[in-house]
Amino acid sequence: MVNISLPPQNNINWRTAIFASMLMFGSLLANAQNPWEVLSKRPSTLGIESGIDTYSTSAFNLKLVKASQTVAGLEPKSSAGFDYIPADRLKQRSSNGMYQLGDINIRLKTEGDTAWKSFSSASKRAPVKALAANDSVLSAADLAATLPADIPLKIERLWKQRNGQLILEFDITNTSNKAVEIGSLGMPMIFNNILQDKSLEKAHAECVFYDPYIGSGAGYLQVTRLSGQGPALLVVPDGDTPFEAYNPLLDDPTPRGIDFEGFYEWMVHSKAYADKEWKKAEPWNEPTAFTLKPGETRRYAVKFILADAIRNIEKTLIVNNRPVAMGVPGYIIPQDVDGKLFLNYNKEVTSIKVQPAGALTFTKAIDAPAGWLAYQVKGNVWGRARVTVTYADGLKQTISYKVIKPEEQVVKDFGNFLTTKQWYHNDKDLFGRSNSVITYDYEKKAKVLQDSRAWIVGLSDEGGAGSWLGAMMKEVIQPDKAEVQKLQLFVNHTIWGGLQHSQGKEKYGVKKSLYYYDPKGKPAGTYSDSINYKTWAAWDKKGADDIGRSYNYPHVAAAHWALYRLARNHKGLVSEYNWQWYLTNAYGTSMAMITLAPYYAQFGQMEGTVFYLILQDLKAEGWGEMAGRLEAAMRKRADHWRTLQYPFGSEMPWDSTGQEEVYVWSKYFGYNDKALVTLNAVLGYMPTVPHWGYNGSARRYWDFLYGGKLSRVERQLHHYGSGLNAIPVLTGYRSQPDDLYLLRVGYGGTLGAISNITEDGFGPAAFHSFPSTLRIDYLSGDYGPNFFGYAVNTATYIANDATFGWLAFGGNLTTNGDVVNVAVTTAAKSKVFIAPLKLWLTLDAGQFKTISYNKSTGAVSFMLDKADAYTPVAYLHVEGGENKYRLPQTKVRGAYVIKLSSKTASNFKLLSN
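In this text, all values refer to a predicted model and were calculated from it rather than measured experimentally.

Draft legend 1. Focus on the overall build of the protein. Looking only at helices and strands, the protein features 20 helices and 45 strands. Relative to a compact globule of 913 residues, whose C-alpha radius of gyration would be 29 Å, the protein shows 28 Å and is just as compact. C-alpha atoms of the protein, sized along the principal axes, occupy 85 × 75 × 50 Å. The burial tally for the protein puts 64% of its 913 residues in the buried class. Taking contacts inside the protein between residues at least 6 apart in sequence as the whole, the part at least 24 apart equals 68%.

Now the structure itself:
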């Protein structure tokens, strides 16, 4: 995140200030002028002055620029006044090189040539030659005038309708006397994701985000409104037009930044890029090319269809005879999990191929739902895997999977890496960072002790606190004595009295960084000559000591809370201070955010869920005065959010991190209208598609600038938005357990939060989505909030869906007559939700081994793992289930106290009233 202190909004345009800071940091533009003003001065060549033609289909009003026949408007008839196209920017975006919907990019080689040549209809505009239209052809053109004269192809573009549906078609003919190999073919997908200069209200009303399913012949693009409301636009192949790759249009001069992710193109062929720009990357799909013989014509086309709601995207695809895949628990498969894959298409499956061979095993199931095929899925080999399903009509569908170790082992490796490879001990450190989990460079296999971004090496902000936050939260769900001992040193001595003030009027205040740039005050050689410290991000001591950024407080609150939980619920793990000390500090840090960092505290915080958890523990301990103060402070914030139409403001123009806390408190205080608005907005940028990288991946595209090593504006896959946004989605599911869509999205985000952890346990900032890269970022950066989301949210869900029957997310399910049995496979093994009962079972200590539910009698039983040296007692909370389930054991702090056997796992049965 950007770290910049701003005065109140009535004194400064904070969005402009942050954008300016980004320009200084990223050098994205040559000067600090408004980039749109610069863009507006470019000559307009699109031919807007010649007029706009309007056409009507059953679903859309289509507007085309008369001279170019590119799209000027795409308005769904079911939503008057809304446009999927950035029509308000048409004039500004009308110069050469500005892509429009309807353009085409091609790279080709004529027989005998050795190098690829590139051609684009957007490079040098000229009016296209109109062709005859008819009942099925709304508008057509020969694009020769807007393409270079030496292209050996004739390209005709047709806007058509078939059965009332809108189709964009390109007919490409080889006009030469030699074979022409098309090495890449891309269709720019230009929709209105430009948020610049829009309020949150305006952006949610007018703008969209879009997510790809890069699934070859079954691929599609889904375009969803920021509000999460329908209709959702689907771009699907019409005929043989596979979605092979998703390429960022980095040469489009529309200014990319924190309020504009950029445009992309749907690539049908990508071999020419794979041979050059992408040669170091492992592509999602096998790159292809197509050779046109002299005089041969090939058709490429996509169709535009509408789903009335985001939840109905898959139903709409099925109605339109498109292949649909549904994976359980998704497309990230731990090696000890029995996954499922359901396929729906009107043609038979002729083969399923896995690359690398043997990475996954698919076994056809007999008891498939009507209209679906079902497969058991087993992950065998760690890493990415591409599954190619071939149907009887020749259509190939690819599904991208990620196989990971069992969750328990992933988390164990993560904790070990953090407390060994990333553990920093140096009593002579000039900045007081000794005994900490510090940022790590996985490419260099080294700790990062210097960076021009002070926070990266200063143990604060998401980008610097990320590693130690992950380490603290790891202990909450999987405590390890040796690791806890190290982390006590960190919290008690490096945070307390160092990063966090321990006394005085600023007590509990959290600094922006321990590291700062002071070449005059520090000894010669302190700062490397190879690092550029002449940036706004290289704070001096005054800037680093600033305690006014509220976003730094949840990390520290979580550290204190984690040690409170370990001291309170276990024996012998925490030694230096008692549990009361840690809970007091967690409370003090929470309140200090309100009093010492009030400006940004008006916004939802990433990891703001921790304040809710602290409140619950204060109440459970009977600390009524503290609980009352904290609840009153949080209610005041929630009351403010209740007055806003879209209460998701932050230090950014648009953000995907505040929604988590806004939802939690809105739900807690009974502001269900705002909770619903928040949940819908999350669903607008958090998709479910058959691809591990995008499934449950909440939109984020600028934090590689602030927390990554490869610094650029780029869609990040499973950045910390995945883990955090999964919190409201799964909380929402527990209130609506018939809504399988919520479970799928939320679980995709939860597993996504640990999907990028390497085989040896390194937690990276996120995964790079650009096809030139397709790998993790090599800096640990801001990964910690992602793991926080996993740690507080991981659970086993047992559902009985009307279509797919009994399903388990986070466990392996079997049935025996009326009894449903689930072996729990999560790392924490501490939470189980039985959807038909709305029964929520959670452990403060102890671990579930299995859970059983009798669907006829409603009986629930479970097995708890045996005691260990630090966990002699389990504490079980029983919520929901119409309050009819209980245990005979006594309660402490709202939890049943269960003495664990030291020798074997023990069975227990819930009693029912």
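Draft legend 2. Molecular detail of the sheet that holds strand 35 (residues 819-824). With antiparallel pairing, the five strands of this open sheet are ordered in space as 34-35-38-39-44. One side of each edge strand has no neighbouring strand; the edge strands of this open sheet are strand 34 (811-816) and strand 44 (906-909). Adjacent strand axes in the sheet meet at a mean angle of 20° when their direction is disregarded. The sheet contact formed by strand 35 and strand 38 (residues 848-854) spans five bridges and is antiparallel.

Draft legend 3. Looking closely at the nonpolar core. Of all hydrophobic cores here, the largest spans 260 residues; its most connected members are Ile 172, Phe 191, Phe 304, Tyr 401 and Trp 468. By residue number, the principal contributor to this core is helix 10 (residues 553-569), which donates eleven residues. Judged by nonpolar contacts, the second largest core, of 29 residues, contains Trp 806, Tyr 853, Phe 862 and Tyr 885.

Draft legend 4. Structural detail: helix 15 (residues 658-668). With nine of eleven residues buried, helix 15 lies mostly within the body of the structure. Every buried residue of helix 15 is accounted for by Gly 658, Gln 659, Glu 660, Glu 661, Val 662, Tyr 663, Val 664, Trp 665 and Ser 666. The secondary structure elements touched by the buried residues of helix 15 are helix 13 (609-620), helix 14 (624-642), helix 16 (672-685), helix 18 (720-735) and helix 20 (784-793). Note on helix 15: the residue one or two positions beyond its end, Gly 670, has a positive phi of about 80°.

Draft legend 5. The arrangement of the layout of surface pockets in detail. Its volume calculated, the second largest pocket comes out at about 620 Å³. Along the wall of the second largest pocket there are 28 residues; nearest its centre are Ser 216, Gly 217, Pro 242, Leu 395 and Lys 396. For the lining of the second largest pocket, the secondary structure elements donating two or more residues are strand 21 (349-355), strand 24 (383-391) and strand 25 (396-404). Of the residues belonging to the lining of the second largest pocket, the class tally is four nonpolar, 15 polar and nine charged.

Draft legend 6. Seen up close, the packing of helix 14 against helix 15. Between helix 14 and helix 15, the shortest axis-to-axis distance is 10 Å and the interhelical angle comes to 105°. In terms of their interaxial angle, helix 14 and helix 15 are classed as roughly perpendicular. Note on element contacts: helix 15 touches helix 14 through Glu 661, Val 662, Trp 665 and Tyr 668, opposite Glu 631, Met 634, Arg 637, Ala 638 and Trp 641. Tallied by class, the residues present in the contact of helix 14 with helix 15 amount to six nonpolar, no polar and three charged.

Draft legend 7. Representation of the packing of aromatic side chains. In total, this model carries 67 aromatic pairs according to the counting rule given. Ring geometry for Trp 455 versus Trp 539: centroids 5.2 Å apart, planes at 45°, classification tilted. Highlighted residues: Trp 455 in the loop between strand 29 (446-447) and helix 7 (461-477) and Trp 539 in the loop between helix 8 (481-495) and helix 9 (541-545), separated in sequence by 84 residues. By relative accessible area, Trp 539 is classed as buried at 7%. Ring geometry for Tyr 517 and Tyr 533: centres 4.6 Å apart, planes at 5°, overall stacked. Within this pair, whereas Tyr 517 is found in the loop between helix 8 and helix 9, its partner Tyr 533 is found in the loop between helix 8 and helix 9, the two being separated by 16 residues in sequence. On the basis of relative accessible area, Tyr 533 is assigned to the buried category, the value being 6%. Ring pairing ties together the aromatic residues Phe 431, Tyr 515, Tyr 516, Tyr 517, Tyr 527 and Tyr 533, which thus form one cluster.

Draft legend 8. Geometry of the confidence of the model for the protein. Mean pLDDT over the protein: 95, with 96% of residues reaching 70 or higher. Segment residues 1-31 is flagged for pLDDT under 50; beyond a separation of four residues in sequence, or across chains, it makes 86 contacts in the model.

Draft legend 9. Expanded view of empty space enclosed by the protein. Scanning the model with the defined rule gives nine cavities of 30 Å³ or more in all. Here the largest cavity is characterised by a volume of approximately 90 Å³. Looking at the lining of the largest cavity residue by residue, the classes come out as nine nonpolar, three polar and one charged. Roughly 70 Å³ of internal volume is contained in the second largest cavity. What lines the second largest cavity is a set of 15 residues, and nearest its centre among them are Ser 68, Arg 125, Ala 126, Val 128 and Thr 146.

Draft legend 10. How the structure looks around the sheet that holds strand 13 (residues 232-237). Taking strand neighbours across the sheet as the criterion, the eight strands line up as 6-7-8-9-17-13-12-11 in an open arrangement whose pairing is antiparallel. With one partner strand each, in any of the chains shown, strand 6 (129-131) and strand 11 (208-213) form the two edges of the open sheet. Strand after strand, the sheet turns through a mean of 20° between neighbouring axes, direction not considered. Where strand 7 (residues 137-142) meets strand 8 (residues 153-162), five bridges bridge the pair, whose relative direction is antiparallel. For Val 137, the partnering residue across the bridge sits in strand 8 and is Lys 160.

Draft legend 11. View of the packing of helix 7 against helix 20. Two elements in contact, helix 7 and helix 20, have axes separated by 7 Å at closest approach and are oriented at 20°. Taken together, the axis directions place helix 7 and helix 20 in an arrangement best described as roughly parallel. In terms of crossing hand, the pair formed by helix 7 and helix 20 is left-handed. Between helix 7 and helix 20, the contacting residues are Glu 462, Gly 466, Leu 469, Gly 470, Met 473, Lys 474 and Ile 477 on the first element and Gly 784, Pro 785, Phe 787, Phe 788, Tyr 790, Ala 791 and Val 792 on the second. Of the residues contributing to the contact of helix 7 with helix 20, the split by class is nine nonpolar, three polar and two charged.

Draft legend 12. Spotlight on the pattern of salt bridges. If you walk through the whole model with that rule in mind, you get 45 salt bridges. Between Asp 103 and Arg 125 there is a salt bridge whose closest N-O contact spans 2.6 Å. Residue Asp 103 is located in the loop between strand 3 (71-76) and strand 4 (105-110), and its partner Arg 125 is located in the loop between strand 5 (117-120) and strand 6; the two are separated by 22 residues in the primary sequence. Classification of Arg 125 as buried rests on a relative accessible area of 12%. Shared partners join several salt bridges into a network, and the residues in it are Lys 160, Arg 162, Glu 169, Asp 238 and Arg 299.

Draft legend 13. Fine view of unusual backbone geometry. A cis amide bond links Gly 230 to the next residue, Pro 231, at an omega of 0°. Inspection of the secondary structure puts Pro 231 in the loop between strand 12 (220-225) and strand 13. Note the cis peptide between Val 328 and Pro 329, where omega equals 5°. Relative to the helices and strands, Pro 329 is located in the loop between strand 18 (324-328) and strand 19 (332-334). At Asn 435, a position not held by glycine, the phi torsion is positive, near 60°. Within the fold, Asn 435 resides in the loop between strand 26 (423-424) and strand 27 (436-437). Residue class for Asn 435 comes out buried when judged on its relative accessible area of 17%. Although it is not a glycine, Asn 883 adopts a positive phi angle of roughly 60°.

Draft legend 14. Summary view of the pairing of strand 36 (residues 831-834). Where burial is concerned, the two faces of strand 36 agree: the one with Lys 831 and Phe 833 and the one with Val 832 and Ile 834 are both buried. When strand 36 meets strand 37 (residues 839-845), the two strands line up antiparallel, connected through four bridges. Directly across from Val 832, in strand 37, lies its bridge partner Leu 841. Counting the residues that bridge the hairpin from strand 36 to strand 37 gives four residues, and of these Lys 838 lies at a positive phi of roughly 55°.

Draft legend 15. Molecular detail of the side chain of Lys 402. With respect to the helices, strands and loops of the structure, Lys 402 is situated in strand 25. Here Lys 402 occupies a buried position and makes no salt bridge, while the nearest side chain of opposite charge, Glu 759, is found at 9.4 Å. A polar contact of 2.6 Å, which involves the side chain of Lys 402, links it to the backbone oxygen of Ser 755. Aside from chain neighbours lying at most four places away, what touches Lys 402 is Tyr 331, Ile 332, Ile 333, Trp 382, Gly 383, Arg 384, Trp 692, Ser 755 and Asn 756.

About the thresholds
- Residues numbered from 1 in each chain as written.
- Predicted model: local features only at pLDDT ≥ 70, side-chain atom pairs only at ≥ 80, totals over all residues.
- Heavy atoms only, no water.
- Helix = DSSP H or I, 4+ residues; strand = E, 2+ residues; numbered from the N terminus.
- Rg over C-alpha atoms; globule rule 2.2 N^0.38 Å.
- Buried < 20%, exposed > 50% of the residue type's maximum accessible area, 1.4 Å probe, protein only.
- Contact = heavy atoms within 4.5 Å.
- Pairing = 2+ DSSP bridges.
- Axes fitted to C-alpha atoms, helices over the stretch in contact; angles between N-to-C directions.
- Core = buried A, V, L, I, M, F, W, Y, C linked by side-chain atoms within 4.5 Å.
- 1 Å grid on protein atoms, 1.4 Å probe; cavity = no way out; pocket = protein on both sides within 12 Å on 5 of 7 lines; lining within 4 Å.
- Points joined across faces, edges and corners; volume = space filled by probe spheres on them.
- Nonpolar A, V, L, I, M, F, W, Y, C, P; charged D, E, K, R; others polar.
- Parallel < 35°, antiparallel > 145°, perpendicular 65-115°, else oblique.
- Phe/Tyr/Trp six-rings, centres within 6.5 Å; stacked < 30°, edge-to-face > 60°.
- pLDDT = per-residue confidence, 0-100.
- Left-handed = near helix turned anticlockwise from the far one by under 90°.
- Salt bridge = Lys/Arg side-chain N within 4 Å of Asp/Glu carboxyl O.
- Lys, Arg positive; Asp, Glu negative; His and termini not counted.
- Polar contact = N/O pair within 3.5 Å; in protein donor to acceptor, adjacent residues only side chain to side chain.

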